[in-house]
Amino acid sequence: MKIFPKSLTKGDKIAIISPAGSIEPSQLEKGIEMIKSKGFEPVLGENLYTKFSNGYNYAGTEEQRLKDMNWALNDSEISAVWASRGGYGCQHLVEGLNLKEFTKNPKWYIGYSDNTVIQSFLLKKGFASIHGQTIKTSSFGVTEESYDLIFHILKGKKPKYSLESNQFNKKGNIEGELIGGNLALIYALLGTKYSFDFKDKILFIEDIGENFYALDRMIMSLELAGVFTKIKGLIVGGMTNMGDEKDNKQYEESFDKFANQLIADRISKYNFPVVFDFPNGHIKDNRPLIIGSQVKVKVNDKVKVEF
């Protein structure tokens, strides 16, 4: 059974850090005000707005980003840790993460995209986390409800979701531990000691900005690694900005039908239940998931996902 961090109460402090890509202060203004409006105190990491260019615009050197991460995870005054954004860079940090104080006082880690790496690391140590929007996306037109639902989880409320059926779904009822996140990072962790343990789990995947052949390559890698023989079920979230913008009429859509068809074809020989178009990922209307939680999934004429 995974450890759920304790619920937050009014006045609790939420650390905001940048473990991967660099961020502009203007991109976080709305999110920081939102945290205050919910009755919490945002505490900004020392290197939140630091910039370091090394083939990519990182939020500081590896040492600077790791310093902020270890501070946020272990400081006894901090009750939750919220990533400012994703991008790339979380893989740099996992070898140096320290959970000495965190294990005595576990706290929610909130993020998605590149933060899948941190969430896989925490899960290996037995801790659940929230796969939900980063702070940056609050300035990009993401719905208020996407954030409200994160605050519900922080306050101790477990989510229940109901969805319409989808032509690619595979029916069935399952219960198990939810793992996963961004497909590119699940793929990047395969074969490492930080990879998810797929056995008897329900896997969630989402992605953005991949060529269709690259999407197929990642799904093929999961197949060749035996992932689809191990999992109990699959939830496919947002697939957006896929393929070539010039040729793909669904490029801006949250759920790309061709991407879904490609995934459905690859997994057609397996018998586990599958949910497509789950509203979580790099999309505007997002339903947060708890990685490491037990979840019940019912895929019939309607879809129900209950934590």
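Scroll up to find the structure this text is about.
Right, let's walk through the structure included here.

Observations regarding the overall build of the protein chain
Consideration 1: Each helix and strand counted, the protein chain has 8 helices and 15 strands in total.
Consideration 2: The globule rule puts the C-alpha radius of gyration for 307 residues at 19 Å, and the 18 Å found for the protein chain is close to it.
Consideration 3: Based on the C-alpha atoms only, the size of the protein chain along its principal axes is roughly 50 × 40 × 35 Å.
Consideration 4: For the protein chain, the proportion of contacts with a sequence separation of at least 24, taken over those separated by at least 6, is 77%.

Description of the layout of surface pockets
Consideration 1: As a volume, the largest pocket reaches approximately 420 Å³.
Consideration 2: Contributing to the lining of the largest pocket are 20 residues, with Y112, T137, F140, I208 and H282 lying nearest its centre.
Consideration 3: Of the residues contributing to the lining of the largest pocket, the split by class is 5 nonpolar, 10 polar and 5 charged.

Focus on the nonpolar core
Consideration 1: Core analysis: the largest hydrophobic core is formed by 98 residues, its most contacted members being W82, L154, L203, I205, L234 and I263.
Consideration 2: Among the elements that make up this core, the one with the highest residue count is helix 4 (residues 144-154) (6 residues).
Consideration 3: I205 has contacts with G181, L183, I186, I219, L234, I235, V236, G237, M239 and I263, leaving out every residue within four places of it along the chain.

Some remarks on the sheet that holds strand 7 (residues 129-131)
Consideration 1: If you walk across this open sheet you meet the 6 strands as 2-1-5-6-7-13, and the pairing is mixed. Single-partner strands in this sheet number two, and they are strand 2 (41-44) and strand 13 (289-291). The average undirected angle you get between the axes of adjacent strands in this sheet is 30°.
Consideration 2: Looking at chain direction, strand 7 and strand 13 are connected through 3 bridges and run antiparallel.

Description of the sheet that holds strand 12 (residues 274-275)
Consideration 1: If you walk across this open sheet you meet the 7 strands as 8-15-14-9-10-11-12, and the pairing is mixed. In this open sheet, the two strands that pair with only one neighbour each are strand 8 (160-164) and strand 12.
Consideration 2: As defined by bridge partners, strand 8 adjoins strand 15 (residues 302-306) across 5 bridges and the pair is classed as antiparallel. From the neighbouring strand, L163 faces strand 15, where its bridge partner is V303.
Consideration 3: Helix 8 (residues 257-266) rests against strand 10 (201-208) and strand 11 (233-240) of the sheet, and its axis sits at about 155° to strand 11.

Calculation criteria
Residues numbered from 1 in each chain as written. Predicted model: local features only at pLDDT ≥ 70, side-chain atom pairs only at ≥ 80, totals over all residues. Heavy atoms only, no water. Helix = DSSP H or I, 4+ residues; strand = E, 2+ residues; numbered from the N terminus. Rg over C-alpha atoms; globule rule 2.2 N^0.38 Å. Contact = heavy atoms within 4.5 Å. 1 Å grid on protein atoms, 1.4 Å probe; cavity = no way out; pocket = protein on both sides within 12 Å on 5 of 7 lines; lining within 4 Å. Points joined across faces, edges and corners; volume = space filled by probe spheres on them. Nonpolar A, V, L, I, M, F, W, Y, C, P; charged D, E, K, R; others polar. Core = buried A, V, L, I, M, F, W, Y, C linked by side-chain atoms within 4.5 Å. Buried < 20%, exposed > 50% of the residue type's maximum accessible area, 1.4 Å probe, protein only. Pairing = 2+ DSSP bridges. Axes fitted to C-alpha atoms, helices over the stretch in contact; angles between N-to-C directions.

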